[in-house]
Amino acid sequence: YPDNRTQLIDFLYHASVWANLTTVMPSAEGYGSVTYPIVTGKNNTEMLGENKPATKSRQDTANVTFTPKTAKATAKYTRELLKTFSVESLQAFAVHGLQKAMLEKRNQQIINGTGTNGEVLGIFNVSGTNAVAFGTDGGAVNYTRIVEFESDISSNDVPLTRCGYVTNSKVIGAMKSTQKFASFGAPILEGNMANGYEVYLTNEVRSDYTKGTGKGLSGMAFLNADFC
């Protein structure tokens, strides 16, 4: 019989989707807090008659500071496990597990971080975003609402390059089984595309939201990677 002691059935982690949906600031890697200048306003342009002076205007600027956060994880193993693995294999196993745990934590922080107690401020806890309402008590996903995500971003002059949707498996299932239009047409989600944009699945997006009388509701976001 084969020796199955080294055939490990690994633990499953929430998928991390941010390799394609975030922009890394190279100069911030390996340093402490890094401050970048940002433009917060634009020049004014006026239509004037001949020899009429224009009103003075300026582009306002400010600074935004990126502060690194610290995540920690530990791994333990027993003498019994050492009987199954060589020291080299056990080391690789432990490092692999830590890497996956760190990726899952980063994913959780980007989505649901509270912004307090050392946590990142996650996307679903940021105020002032263009929230797409699915009804007073929540509601079923439909094509009109999907398109509204895109419309809300473009209404603020954000370019629709490197954009994508992020949601969980419940919403993915609903999008695959719901037609774009009531009586005809393809489903909202075909393959991994909806409304011309990729849809990224991670079950770190909560499915226990409440709104009005609605319970067990899921979240969904539409993002531009150049602004994340």
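A short tour of the structure in this document, coming up.

**Topic: the nonpolar core**
Proteins that are soluble and globular tend to have nonpolar side chains buried together.
Now for step 1: Ile146, Tyr165, Met175, Ala194, Val199, Met220 and Phe222 are the most contacted members of the largest nonpolar core, which has 18 residues in total.
Now for step 2: If you list the elements that add at least two residues to this core, you get α3 (143–154), β3 (163–167), α4 (169–176), β5 (197–201) and β8 (220–224).
Now for step 3: With four residues, the single largest contributor to this core is α3.
Now for step 4: With residues near it in sequence (within four places) discarded, Met175 still touches Val141, Ile146, Pro187, Ile188, Leu189, Ala194, Val199 and Met220.

**Comments concerning the environment of Thr161**
Now for step 1: Among the structural elements, Thr161 can be located in the loop between α3 and β3.
Now for step 2: Residues Thr161 and Leu223, spaced 62 residues apart in sequence, show a C-alpha to C-alpha distance of 9.7 Å.

**Focus: the side chain of Glu204**
Now for step 1: Assignment of secondary structure puts Glu204 in the loop between β5 and β6 (209–211).
Now for step 2: No salt bridge is formed by the buried Glu204, whose closest oppositely charged neighbour, Lys105, lies at an N-O distance of 7.4 Å.

**Comments concerning the pattern of salt bridges**
Now for step 1: Applying the stated criterion across every chain yields a total of three salt bridges.
Now for step 2: In this structure, the salt-bridge partner of Arg145 is Glu148, at a minimum N-O distance of 3.4 Å. Of the two residues, Arg145 and Glu148 are both situated in helix α3; the distance of three residues between them amounts to about one turn of the helix.
Now for step 3: Judged by its relative accessible area of 26%, Arg145 falls in the partly exposed class.

**Considerations on the pairing of strand β7 (residues 214–217)**
Now for step 1: Relative to β7, β6 runs antiparallel, the two sharing two bridges. From the neighbouring strand, Lys211 faces β7, where its bridge partner is Gly214.
Now for step 2: In sequence, β6 turns back onto β7 through a hairpin of two residues, with Gly212 there showing a positive phi of about 60°.

**Focus: α3**
Now for step 1: Here α3 contains 12 residues, and its C-alpha end-to-end distance of 17 Å stays within 8% of the 16 Å for a straight helix at 1.5 Å per residue.
Now for step 2: Taken residue by residue, α3 has Tyr143, Ile146, Phe149, Asp152 and Ile153 as its buried positions.
Now for step 3: Structurally, α3 contributes buried residues whose contacts are with β3, α4 and β8.
Now for step 4: Between the side-chain oxygen at the start of α3 and the backbone nitrogen of Thr144 there is a gap of 3.1 Å, and the oxygen is on Asn142.

**Observations regarding unusual backbone geometry**
In terms of backbone geometry, most residues other than glycine have negative phi values and most peptide bonds are trans.
Now for step 1: A positive phi is found at Asn117, a non-glycine position, where the angle reads about 55°.
Now for step 2: Here Asn117 is to be found in the loop between α2 (87–112) and α3.
Now for step 3: Phi angles above zero are rare outside glycine, and Asp157 is one such case at about 65°.
Now for step 4: Structurally, Asp157 is set in the loop between α3 and β3.
Now for step 5: Among the residues examined, Asp157 registers a relative accessible area of 69% and is labelled exposed.

**Notes on the packing of aromatic side chains**
Now for step 1: On inspection of all chains with the given rule, the structure shows eight aromatic pairs.
Now for step 2: Ring plane angle 55° and centroid distance 6.4 Å describe the contact between Phe134 and Phe149, whose orientation is recorded as tilted. Linking Phe134 in the loop between α2 and α3 with Phe149 in helix α3, this pair joins segments that are 15 residues apart in sequence.
Now for step 3: The exposure class assigned to Phe149 is buried, which follows from its relative accessible area of 9%.
Now for step 4: With a centroid separation of 4.5 Å and an interplanar angle of 40°, the aromatic rings of Tyr165 and Phe222 are classed as tilted. Placement of Tyr165 in strand β3 and of Phe222 in strand β8 is noted, with a sequence separation of 57 residues between them.
Now for step 5: Residue classification places Tyr165 among the buried residues on the basis of a relative accessible area of 0%.

What counts and what doesn't
Residues numbered from 1 in each chain as written. Predicted model: local features only at pLDDT ≥ 70, side-chain atom pairs only at ≥ 80, totals over all residues. Heavy atoms only, no water. Core = buried A, V, L, I, M, F, W, Y, C linked by side-chain atoms within 4.5 Å. Buried < 20%, exposed > 50% of the residue type's maximum accessible area, 1.4 Å probe, protein only. Helix = DSSP H or I, 4+ residues; strand = E, 2+ residues; numbered from the N terminus. Contact = heavy atoms within 4.5 Å. Lys, Arg positive; Asp, Glu negative; His and termini not counted. Salt bridge = Lys/Arg side-chain N within 4 Å of Asp/Glu carboxyl O. Pairing = 2+ DSSP bridges. Expected span 1.5 Å × (residues − 1). Polar contact = N/O pair within 3.5 Å; in protein donor to acceptor, adjacent residues only side chain to side chain. Phe/Tyr/Trp six-rings, centres within 6.5 Å; stacked < 30°, edge-to-face > 60°.

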